[in-house]
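Fold and geometry: a report
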Amino acid sequence: MNEKTSSVIQYADLRVLAMLGVLLFFLFLSMGSGMMQSSPVEATPTPEGEMLAPTVTPLPPEYLGNYAQTTGIILATLVIVLIVVGGVLYGLLSNKKQ
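The structure presented is a predicted model; accordingly, all values stated were derived computationally and were not measured. (Residues numbered from 1 in each chain as written. Predicted model: local features only at pLDDT ≥ 70, side-chain atom pairs only at ≥ 80, totals over all residues. Heavy atoms only, no water.)

Focus: the overall build of the protein chain
To keep things clear, this is the line we draw: Helix and strand definitions here come from DSSP, where helices need a minimum of 4 consecutive H or I residues and strands a minimum of 2 consecutive E residues; each element is numbered from the N-terminal end. Relative accessibility thresholds used throughout: buried, under 20% of the residue-type maximum; exposed, over 50%; partly exposed, between the two (1.4 Å probe, protein chains only). Under the convention used here, a 1.4 Å probe and the Shrake-Rupley method define accessible areas, while residue burial counts only the protein chains that appear.
Secondary structure assignment for the protein chain yields three helices and zero strands. The N-to-C order of helical and strand elements in the protein chain reads α-α-α. Here the protein chain holds 98 residues, and the buried ones make up 0% of them. Of the roughly 9500 Å² of accessible surface on the protein chain, 70% is carried by carbon and sulfur atoms.

Right, dumping it as structure tokens:
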């Protein structure tokens, strides 16, 4: 094997290990997300009758009780964006070297 073939094999091995690492990371996140369960929230009935004057509407209780899901979605999105940005930068820099 010459040096070029050896470096291609090392690069492919590095990519495979990186992909396995990302898959294991997301597997760990998906397993951990099932552990947090909040209690069910009772729905409040809408008042009927005359029209009420508009007021500032407070956040529903289920929005305040499920902050963990929102945080998990934001973190997963951030990780995906970082992976995409890192891949694009790596591709741009590797094309510049050639």
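What follows continues from the structure just given.
Notes on the packing of aromatic side chains
Rule in force here: Pairs were defined over the aromatic rings of Phe, Tyr and Trp, the Trp ring being its six-membered one, requiring ring centres within 6.5 Å. Orientation was assigned from the angle between planes: stacked under 30 degrees, edge-to-face over 60, tilted for the rest.
Summed over all chains, the structure comprises one aromatic pair. Relative to Phe26, the ring of Phe25 has its centre 5.8 Å away and its plane inclined at 65°; by these criteria the two rings are edge-to-face.

Here's the deal with a nonpolar patch on the surface
What counts, and what does not: The residues that make up patches have over 30% relative accessible area and no salt bridge, and they are joined within 9 Å when like-charged or within 5 Å when they are Val, Leu, Ile, Met, Phe, Trp or Tyr. Note on definitions: salt bridges are taken to be side-chain nitrogens of Lys or Arg within 4 Å of carboxyl oxygens of Asp or Glu.
On the surface, a nonpolar cluster with roughly 610 Å² of combined accessible area is contributed by Ile80, Val81, Val84, Val85, Val88, Leu89 and Leu92. By the element assignment, Val85 lies in helix α3 (residues 67-97). Under the relative-accessibility criterion, Val85 is labelled partly exposed at 41%.

Focus: the confidence of the model for the protein chain
Condition: pLDDT is a per-residue confidence score from the predictor, ranging from 0 to 100.
Averaged over every residue, the pLDDT of the protein chain is 75; the share at 70 or more is 63%. α3 holds the highest mean pLDDT among the elements of the protein chain, 85, whereas helix α2 (residues 61-65) holds the lowest, 72.

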